[in-house]
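One-letter residues, chain by chain:
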Amino acid sequence: MTAHSIARDTVITDWSEDKAARFGRDTVRFRHGLHQRPLFSDEALAAILDRYPRERLGVYTMGHDLVDWTSWRRGDAGAMTGDQLLRAVQTGRIWLNLRETNRYLPEFSALSDEIAREKERHIGTSLFKRDLGLLISSPGAMVFYHLDVPLSSLWHIRGDKKAWFYPRAEPFVSDEIIEKCVTKEAEGQFAYRPEWDAAAEVIDMLPGDMVTWAQNRPHRVQNGPTLNVSLSMEFMTNRAVARANVLYANAQLRKHLGLRPRVQEQIGPRMIAKLALARTVKALRARHKTYRPIMPATFALDPGRPGALTAAPSPLA
Ligand SMILES: [Fe+2]
């Protein structure tokens, strides 16, 4: 790395050649300065919640049992103001996910570009399909054991949290489960056993910490006792898209031919054949698009009682 490139960095403060080489392949921790920006104060967050398209706002609650991931439920924020929503998160057990802020809010679009430019300069490959999500979540709230299809990085801004990263191997996850996430037959959450924690890499996150991990690696997150604010940056590289498409092709081979296909990590005749298969199946599917329902809202937030949940209004009522 040259002195010139260090001088241009504005987001991550501790790049090294080793970290750049391991980016996207390993669990790598970085330090950043985003928590010092005025973008994430209570006032700023309330204003963001007022401006973000309400129909895109992900509102969730969850139980306390780490094994019972089906207690993850979607809710409805109705017409609550940003202030009211923030108070609900401060006092309740709520997880707000503002996906693709880079698409809807100009300051996050600029931030997404800034982060991507810096990463691209250091890792030497372009980042696309970028999704900068803002996560505002309650004290003690959590995200169950799951995996993400794209590459991802978690930027911590306010509060504290702990993240567990598990091996991308059996029994923690099988290729078949990853394939189902890639083909969207599964949501990304799946069975977890508490004894697996002994094999996990555990990362404590304070404001100014960022972590990135290998594609499709299972993980879970637990908030500390205060309000948490983080950013999740999902993105693809050419290598990550190739892996997702190999998994997509493998899902077809497993389902229709009963094979137990391996995942190719290097370009070669098998990978090329699988990329062609994935492209063909996706093109056929695009012609016969099927309706896929999203998780229905089963609770609503009560503007008069911050943090309280009520039954969602029935669409049939
Ligand atoms: Fe995740």
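These figures come from a predicted structure and were not determined experimentally.

On to the domain arrangement of the chain, then. Under the domain assignment used here, the chain contains domain 1 (3-236) and domain 2 (243-287). Using only C-alpha atoms to locate each centre, domain 1 and domain 2 end up separated by 28 Å. Counting from both sides, the interface comprises 12 residues of domain 1 and, opposite them, 12 residues of domain 2. Between domain 1 and domain 2, roughly 950 Å² of surface is buried when both sides are summed, and carbon and sulfur atoms account for 56% of that area. At the boundary of domain 1 with domain 2, the tally comes to two salt bridges. Between Glu179 and Arg254 there is a salt bridge, with its nearest N and O atoms 2.8 Å apart. Summed over the shared surface of domain 1 and domain 2, the number is two residue pairs in polar contact (both at pLDDT 80 or more). At five residues, helix H7 (residues 175-182) tops the list of elements feeding residues into the side of domain 1 that touches domain 2. The residue inventory of the side of domain 1 that touches domain 2, partitioned by class, reads four nonpolar, three polar and five charged.

Taken together, 10 strands build an open sheet; the order of strands is S1-S10-S7-S12-S5-S4-S2-S3-S13-S14 and the sheet is mixed. Each edge of the sheet is formed by a strand with only one pairing partner; in this case those strands are strand S1 (28-31) and strand S14 (309-311). This sheet shows a mean twist of 30° between the axes of neighbouring strands, independent of strand direction. Judged from the four bridges that link them, strand S2 (residues 58-61) and strand S4 (residues 94-98) form a sheet pairing that is antiparallel. Bridge pairing links Gly58 to Asn97 in S4. The sheet strands contacting helix H3 (residues 42-51) are S4, strand S5 (128-137), strand S7 (151-158) and strand S12 (228-236), and the helix crosses S5 at an angle near 120°. Helix-sheet contacts for helix H4 (residues 82-91) involve S4, S5 and strand S13 (297-301), and the interaxial angle to S4 is about 135°.

Cut-offs applied
Residues numbered from 1 in each chain as written. Predicted model: local features only at pLDDT ≥ 70, side-chain atom pairs only at ≥ 80, totals over all residues. Heavy atoms only, no water. Domains from an automatic or database assignment. Contact = heavy atoms within 4.5 Å. Buried area = accessible area lost by both parts, 1.4 Å probe. Salt bridge = Lys/Arg side-chain N within 4 Å of Asp/Glu carboxyl O. Polar contact = N/O pair within 3.5 Å; in protein donor to acceptor, adjacent residues only side chain to side chain. Helix = DSSP H or I, 4+ residues; strand = E, 2+ residues; numbered from the N terminus. Nonpolar A, V, L, I, M, F, W, Y, C, P; charged D, E, K, R; others polar. Pairing = 2+ DSSP bridges. Axes fitted to C-alpha atoms, helices over the stretch in contact; angles between N-to-C directions.

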